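Here is what each chain is made of, one letter per residue.
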Amino acid sequence: QVVCQVSDVLVSLKDMSEAIVSSEEIVNNVLKAPSTANYDTDTFRFIKQDGLITTIGTVDAQNSFGAMIRTGFKIQFDYNDGMKPVHFVFDDQEIF
């Protein structure tokens, strides 16, 4: 009996690319200086489980004092609803 398909847990390159672009847009909306944002996408991690794709990463950006700060984030997308963002945590604070 088949428990699950590989496609149920493996994140495709297309889905990774879409998650990266969407994640950067979402994170930029909460940054004080989004034009200073630097994403190291090589360190991004992707998890696909229960119809969700979770992107975990960091962003370097200026805070309100002008200092460059590295901040972690996690965004979950509903894979079955056109990659709609459903959960967002930024700097250990739940945004939605």
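Residues numbered from 1 in each chain as written. Predicted model: local features only at pLDDT ≥ 70, side-chain atom pairs only at ≥ 80, totals over all residues. Heavy atoms only, no water.

A. Quick peek at the pairing of strand β3 (residues 52-62). Here strand β1 (residues 38-39) runs beside β3; their pairing, made up of 2 bridges, is antiparallel. Considered in β3, the bridge of tyrosine 39 is made with valine 59. From the end of strand β2 (residues 45-49) to the start of β3, which pair antiparallel, there are 2 residues, and aspartate 50 there has a positive phi angle of about 55 degrees. Pairing of β3 with strand β4 (residues 68-78), which is carried by 11 bridges, proceeds in the antiparallel orientation. In the strand pairing of β4, isoleucine 53 is matched with phenylalanine 77. Between β3 and β4, which pair antiparallel one after the other, the connecting turn spans 5 residues, and glycine 66 there sits at a positive phi close to 90 degrees. (Pairing = 2+ DSSP bridges. Helix = DSSP H or I, 4+ residues; strand = E, 2+ residues; numbered from the N terminus.)

B. Main features of the environment of tyrosine 39. Note that tyrosine 39 resides in strand β1. Tyrosine 39 sits in the buried class, given a relative accessible area of 14%. In this structure the C-alpha to C-alpha distance between tyrosine 39 and histidine 87, which are 48 residues apart in sequence, comes to 20 Å. When near neighbours in sequence (up to four residues on either side) are disregarded, tyrosine 39 contacts Glu24, Val27, Asn28, Leu31, Phe44, Thr58, Val59 and Phe73. For tyrosine 39, the side chain forms a polar contact with the main-chain oxygen of glutamate 24, separated by 3.4 Å. (Buried < 20%, exposed > 50% of the residue type's maximum accessible area, 1.4 Å probe, protein only. Contact = heavy atoms within 4.5 Å. Polar contact = N/O pair within 3.5 Å; in protein donor to acceptor, adjacent residues only side chain to side chain.)

C. Fine view of the layout of surface pockets. Here the largest pocket is characterised by a volume of approximately 180 Å³. In terms of lining residues, the largest pocket is bounded by Val30, Leu31, Lys32, Ala61, Gln62, Asn63, Ser64, Ile69, Thr71, Phe90 and Asp91. Elements supplying a minimum of two residues to the lining of the largest pocket: β3 and β4. Looking at the lining of the largest pocket, its residues break down into 5 nonpolar, 4 polar and 2 charged. (1 Å grid on protein atoms, 1.4 Å probe; cavity = no way out; pocket = protein on both sides within 12 Å on 5 of 7 lines; lining within 4 Å. Points joined across faces, edges and corners; volume = space filled by probe spheres on them. Nonpolar A, V, L, I, M, F, W, Y, C, P; charged D, E, K, R; others polar.)

D. Region of interest: the pattern of salt bridges. Applying the stated criterion to the full structure yields 2 salt bridges. Here glutamate 18 ties to lysine 14 by a salt bridge, and the two come within 3.9 Å at their closest N and O atoms. Here glutamate 18 and its partner lysine 14 are both found in helix α1 (residues 13-28), 4 residues apart, which amounts to about one turn of the helix. Given a relative accessible area of 29%, glutamate 18 falls into the partly exposed group. Across the pair arginine 70 and aspartate 60 runs a salt bridge whose closest N-O atoms are separated by 2.8 Å. Here arginine 70, found in strand β4, pairs with aspartate 60, found in strand β3; they are 10 residues apart in sequence, far enough to count as distant. Here aspartate 60 falls in the buried class, since its relative accessible area comes to 17%. (Salt bridge = Lys/Arg side-chain N within 4 Å of Asp/Glu carboxyl O.)

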